[in-house]
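# Structural overview for review
Residues per chain are reported as follows:
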Amino acid sequence: MRGAVRPGPLQDARRRDRPHAGRLRPLGGTSPLGRPTLKVSTMATTATGSSTYTHDHGHGHVDDRSFIRKYIFSTDHKIIGIQFLIMSLSFLLLGGTLAMVMRWQLGFPGKPLPGGTLLPDTYTSNGVVLPEFYNSAVTMHGTFMVFFAIMPLLVGVFGNYLIPLKIGAPDMAFPRINMASFWTAVPAGLLMLAGFFVEGGSAAAGWTSYAPLSARSDLTGVHLGQIFWCLSLIILGLSSIMGSFNYITTVINMRAPGMNWFRLPLSIWALFVTACLVLLAIPVLSGAAILLLFDQTIGTHFFDPQAGGQPLLWQHLFWFFGHPEVYILILPGMGMVSDIIANGARKPIFGYTSMVLAIIAIGFLGWGVWGHHMFQSGMNPTLGTTFMISTLLIAVPSAIKTFNWLGTIWEGNITFHVPMLHALAFVSMFVIGGLSGVFMAASPFDIYIHDTYFIVAHLHYVLFGGSLFAIFAAVTYWYPKMFGRMMNPFWGKVHFWLTLVFYNCTFFPMHQLGLHGHMRRIYDPTQYAFLREVQPVNVFISISAFCLFATQFLFAANFILSWFKGEKAPMNPWLDNGLEWTVASPPPHGNFGDVVPTVYRGPYEYSSPHSDQDYLPQNLPMPGGMGAAHPQPAGD
Ligand code: HEM
Ligand SMILES: [Cu+2]
C-alpha cells in the first residue's frame, strides 16, 4: 500500500550531498549571532563532519541578556519574528476597522456611522462619514493591509521565524541588521498612522497613489498626509531591503550539512525567491516615491501633465513594482501551505521539483506583466496583447502548483487540523481568485470590468482568500513552536468555518456588482440610478463584512488567551519532519545548541515505508543504512 503511494525513488534521492556547509566566518570577537562575546565566553567549537561554528553563550549556561536585549532590541530571529507578528496583527486590526467604515458608508450611505459622532468634524458630520474621510479610509485600508499587515506577516514574521530554524542555522547571517529591519518598520508604520492626525488628514489618492491626484495637493486638499505616505514607504523600503538580503545570505550560506537545495522545505524556497523579488522590486517603489515626494515638496513636475510631466510614468513605475509585489504577497503563503498540506495529508508533497520550478518561474515571469494594470491607460493595443499573453503565461506555474496540491491530498490519510483547514481553504479560494485573474488578463474582458468591483473581488480572493488564509494556517501551525502552547482547536475550527462562510458572502457578490458596472471607488452608490437596483447587494455585503470582522475577535481571543493559558505544546505536535520540530517549543536562543544538525533527507517523508512511524525527521540517521535515501549521509 505504501509502495503504491510512492513507487519511485525520493525526489532528492539522487542528488549529491553538500558536505561543506559554507558559513559566514565569524568576525573577530563577534559570534555568528552577531553579539560581541559576553561574560560567559565559552567559545564552544563544535565539529560535526567538516562543518564548524563558534557559539559564544554555551548551552546549559544562564542566558544573561537583559530584558531589553532579550525582548525589545533583540537580535534573535525568533523574537524579531514575534515582534513583527504583534506589529502586523495590530495593523491588520486597524486596516479591518477602516474597511468597516467603508462598508458602512457603501451599505448605508447617509446614515450616521455607529460611534461616528466621536470622530472629529473633519471626518464626520453628525456621525455621517464625509467624502474626504471615505477617500482616506479607502487609501489607508489598502496601504496598511498591503504594506503593514500582509507583507510583514508573510515576509517579516515567517521569513524571520522559519528560515534559520528550518535550515538548521543558529540565527540570521546578520542579526543586527535584522533587528534594524524591524526597528525601521515601526517608525514607518507610525509615520503612516500620523497622517490621520495632521491638517488635511491622511493620504487619500488610493493605495496606488495615482498621479496627478497624489502629486498636487490642490486636487485633494491633502498635503502633509500625502508626503507622509511617500516618506513612510521610503523608510519601510529600507526595512524590507535589510530584511531580504539577510534572508538571501542566510539561505545561501548557513544551511546545515546535508541541507542541499533540493532538500529545502518549499516554504524556504518560496521565502528565498520572495526575498529576491523584494530586493529588486522595492527600490523601484522607493525611487518612484522619491520622485513623487519631489513633486509634492520642491516643485518638480515629474508626474504633473499640466506642467509637462507624465502621469503614466507613475503608473509604469508603480506597477513595475506592484505586480512583483503581488507575488511577494502570495509566494510565501504558497510555500507554507505546501508544508502544511503534506503534513495534513501525511504524504510527500506531489511533484517537489515542479513546485520549486514553478516558484522560480513565477519569480521570473512576474516582472513582465505589469501592463495588465494599464490596459485602459490608452496603451497601444499591440502592447496590450503582449501583456495579455505574458499574463496568461503566468497562470501556468500557478496551475501547476494547484494540481500538485491536489495530487498531494489525493488518497492521503488526511488530518483536518486547524492549519490544514486553512491551507485547504487557501487552495480553493486561490483557484477562484486565479480564475478571475485569467479573465481579467484578457484585455477585451478587462476593458469592460476595469476599475469596477470585479477587481476588488479578484484582489480579495487572492489576498484574503489566499494570503490571509495562508497566514491563519501558518500562525496556527507554528504557534506552538513560537509560544510553547497550543491554540484551542475547537475555537480554531469555529473561527475557520465562520470566516470561510462570511468571507465568501462578503467577496463573491462583488463579482456581480462589478459586472453590473459598480465603480471601484465611489462614496455613495445610490447617487447613480443604474446602481440603485443593486443596492441590496451592497447591504448584504456590508452585513457579511461586519460578521466577518466580528469573527476575527475569536481568533484574537484564542491567540491571546492561549499565550497564557493554552495547553503546553510538545516538541512536535503535528508529527512534522522539519528541523524546527527537533528542538524545544519554544526553541532556546541559538536554536540547536552546540550540535549542528545533519540533514539526511527532504522534509516530506510522511508515510515512509522505511519508518515505523508515519514520518521521518530530516535529521534522523537511518540505522544500518536500511532503505536510507543516502547511503553516505553528509557528516558521516
Ligand atoms: C493567476 C494569476 C493572476 C492573474 C492572471 C492576475 C491578473 C490580474 C489583472 C489582469 C489585474 C488588473 C485588472 C484591472 O485593474 O483591470 C489584477 C489586479 C490585481 N491583482 Fe491579480 N492576478 C493574478 C494573481 C494575483 C495574486 C496572486 C495577487 C496577490 C496576492 C493579485 C493581486 C492583485 C491586486 C491587488 C490587483 C488590483 C490592483 C489595483 O489596486 O488596481 N493577483 N490581477
Ligand atoms: Cu498584476
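Here is a short report on the structure shown in this document. (Residues numbered from 1 in each chain as written. Chains lettered and ligands numbered in written order. Predicted model: local features only at pLDDT ≥ 70, side-chain atom pairs only at ≥ 80, totals over all residues. Heavy atoms only, no water.)

## Comments concerning the coordination of the copper ion (ligand 2)
Formally: Metal-coordinating donors are taken as N, O and S atoms lying within 2.8 Å of the metal, or within 3.2 Å when the metal is Na, K or Ca; because water is left out, some sites can appear incomplete.
Donor atoms from the polypeptide that bind the copper ion (ligand 2) are His-323 (ND1), His-372 (NE2) and His-373 (NE2), placed at 1.8 to 2.0 Å. Written as a sequence motif, the donor residues of the copper ion (ligand 2) are H-x48-H-H. Between the copper ion (ligand 2) and the iron atom of ligand 1, a separation of 4.7 Å is found.

## What about the packing of helix 10 (residues 331–345) against helix 12 (residues 381–409)?
Worth spelling out the cut-off: Comment: axis = line fitted to C-alpha atoms, over the contacting stretch for helices; angle = value between 0 and 180 degrees taken between N-to-C directions. Secondary structure counts use DSSP, requiring at least four H or I residues in a row for a helix and at least two E residues in a row for a strand, with both numbered from the N terminus. Throughout this description, any angle smaller than 35 degrees is read as roughly parallel, any larger than 145 degrees as roughly antiparallel, any in the 65 to 115 degree range as roughly perpendicular, and the remainder as oblique. In this scheme the handedness of a crossing depends on how the near helix is turned from the far one: anticlockwise by less than a right angle means left-handed, clockwise means right-handed. It only takes one pair of heavy atoms within 4.5 Å for two residues to be counted as in contact.
It is the contact of helix 10 with helix 12, at a shortest axis distance of 9 Å, that shows an interaxial angle of 15°. Classed by the angle they form, the pair helix 10 and helix 12 counts as roughly parallel. When the axes of helix 10 and helix 12 are compared, the crossing they make is left-handed. Counting all contacts with helix 10, which are made through Met-334, Val-337, Ser-338, Ile-341, Ala-342 and Ala-345, the residues of helix 12 involved are Lys-401, Trp-405, Thr-408 and Ile-409.

## Here we look at the coordination of the iron atom of ligand 1
Its sole protein donor being His-458 (NE2), the iron atom of ligand 1 sits 2.2 Å from that atom. Positionally, His-458 belongs in helix 15 (residues 453–483).

## Some details on the site of ligand 1
Let me state the cut-off plainly: Proximity is defined per residue: if any heavy atom of the residue lies within 4 Å of a molecule or strand, that residue is considered near it. Polar contact criterion, stated in full: a pair of N or O atoms within 3.5 Å, where within protein one must be able to donate a hydrogen and the other to accept it, and residues adjacent in sequence count only if both atoms are side-chain atoms.
Close to ligand 1 lie 23 residues, the nearest being Trp-207, Asp-446, His-450, His-458 and Arg-520. Asp-446 has a polar side-chain atom sitting 2.6 Å from an oxygen atom of ligand 1. For the shell around ligand 1, the elements supplying multiple residues, two or more each, are helix 9 (311–328), helix 13 (418–441) and helix 15. For the shell around ligand 1, the element with the highest residue contribution is helix 13, accounting for 6 residues.

## What to know about a nonpolar patch on the surface
Keep this limit in mind: Nonpolar side chains (Val, Leu, Ile, Met, Phe, Trp, Tyr) within 5 Å and like charges within 9 Å form the patches, drawn only from residues with over 30% relative accessible area and no salt bridge. Using the Shrake-Rupley algorithm and a 1.4 Å probe, accessible areas are obtained, with residue cover drawn only from the displayed protein chains. Salt bridge criterion: a side-chain nitrogen from Lys or Arg within 4 Å of a carboxyl oxygen from Asp or Glu. We call a residue buried when its accessible area falls under 20% of the maximum for its residue type, exposed when it is over 50%, and partly exposed in between, using a 1.4 Å probe and counting protein chains only.
A cluster of nonpolar side chains, Phe-67, Ile-68, Tyr-71, Ile-72 and Phe-73, forms an exposed patch at the surface whose accessible area comes to about 480 Å². On the accessibility criterion, Phe-73 (38% relative accessible area) is partly exposed.

## Observations concerning the packing of aromatic side chains
Which entries qualify depends on this criterion: Two aromatic rings from Phe, Tyr or Trp, using only the six-membered ring of Trp, form a pair when their centres are within 6.5 Å; if the ring planes differ by under 30 degrees the pair is stacked, by over 60 it is edge-to-face, and anything between is tilted.
Inspection of the entire model under this criterion finds 59 aromatic pairs. With 4.9 Å between their ring centres and 80° between their planes, Phe-182 and Trp-183 make a pair best called edge-to-face. Here Phe-182 falls in the buried class, since its relative accessible area comes to 5%. Exposure remark for Trp-183: the relative accessible area of 30% places this residue in the partly exposed category.

## A few points about the pattern of salt bridges
Considering all chains together, one arrives at 6 salt bridges under this definition. A salt bridge links Asp-304 to Arg-216; the shortest N-O distance between them is 3.5 Å. One end of the pair, Asp-304, is in the loop between helix 8 (266–297) and helix 9; the other, Arg-216, is in the loop between helix 5 (175–194) and helix 6 (217–220), with 88 residues separating them in the sequence. When sorted by exposure, Asp-304 lands in the same class as Arg-216, which is buried. Connected through shared salt-bridge partners, Lys-166, Asp-339 and Glu-580 make up one network.

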